[in-house]
Amino acid sequence: QVQLVESGGGLVQAGVSLRLSCAASGRTFSSYFMGWFRQAPGKEREFVARISWNAISTYYADSVKGRFTISRDNAKNTVYLQMNSLKPEDTAVYYCAAGRIATMRSREYAYWGQGTQVTVSS
């Protein structure tokens, strides 16, 4: 129903900004809550941010609050993650996901992208 492809990752120095994009295909994209998750080496996948179908509600993990901004453009079938003031601890594979409810639990998201690597050097 929904196919997701992330892009925009890369190798950057601490303090630099990146914007990740998640391009979606499928005719029901606008009805989904969208989330961003990340997984660092040796760690479990963790919640980063989510946004409601109409973009009126957003929620962020404490670790990224004030630095990251999630947004979506339903007309373009795309969700974004603007990442500012990047830190080495932000290094991870970042995944976008689509789900039917507002949640931080990865298991509740039915559709996932392949991930994009973000590496932040000191």
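A brief structural summary. (Residues numbered from 1 in each chain as written. Predicted model: local features only at pLDDT ≥ 70, side-chain atom pairs only at ≥ 80, totals over all residues. Heavy atoms only, no water.)

**Remarks on the environment of Y32**
Along the polypeptide, Y32 turns up in the loop between β3 (18-25) and β4 (33-39). Residue contacts for Y32: discarding those within four places in its chain leaves Q1, V2, S52, W53, R72, A98, G99, R100 and Y111. In terms of polar contacts, Y32 uses its side chain to reach the side chain of R100, at 3.4 Å. (Helix = DSSP H or I, 4+ residues; strand = E, 2+ residues; numbered from the N terminus. Contact = heavy atoms within 4.5 Å. Polar contact = N/O pair within 3.5 Å; in protein donor to acceptor, adjacent residues only side chain to side chain.)

**Brief notes about the sheet that holds β3**
What the four strands build is an open sheet, ordered β1-β3-β8-β7; its pairing is antiparallel. The open sheet is flanked by β1 (3-7) and β7 (68-73), the only strands paired with a single partner. The sheet shows a mean angle of 15° between the axes of neighbouring strands, direction not considered. Examined bridge by bridge, β1 and β3 share five bridges and lie antiparallel to one another. The residue bridging L4 from the neighbouring strand is A24, located in β3. (Pairing = 2+ DSSP bridges. Axes fitted to C-alpha atoms, helices over the stretch in contact; angles between N-to-C directions.)

**Concerning the side chain of E6**
Among the structural elements, E6 can be located in strand β1. Although E6 is buried, it forms no salt bridge, and the closest oppositely charged side chain is R45 at an N-O distance of 7.7 Å. Side-chain polar atoms of E6 contact the backbone nitrogen of C96, separated by 2.8 Å. Within the local environment of E6, its side chain forms a polar contact with the backbone nitrogen of G115, the two atoms lying 2.8 Å apart. Discounting chain neighbours no more than four positions away, the residues touching E6 are S21, C22, W36, Y94, Y95, C96, G113, Q114, G115 and T116. (Buried < 20%, exposed > 50% of the residue type's maximum accessible area, 1.4 Å probe, protein only. Lys, Arg positive; Asp, Glu negative; His and termini not counted. Salt bridge = Lys/Arg side-chain N within 4 Å of Asp/Glu carboxyl O.)

**Looking at the pattern of salt bridges**
With the rule as written, the count across this model stands at four salt bridges. Across the pair R38 and E46 runs a salt bridge whose closest N-O atoms are separated by 2.8 Å. Residue classification places E46 among the partly exposed residues on the basis of a relative accessible area of 28%. Across the pair K65 and D62 runs a salt bridge, and its minimum N-O distance is 3.1 Å. Among the residues examined, K65 registers a relative accessible area of 48% and is labelled partly exposed. Each of R38, E46, R67 and D90 takes part in salt bridges that share partners, so that together they form one network.

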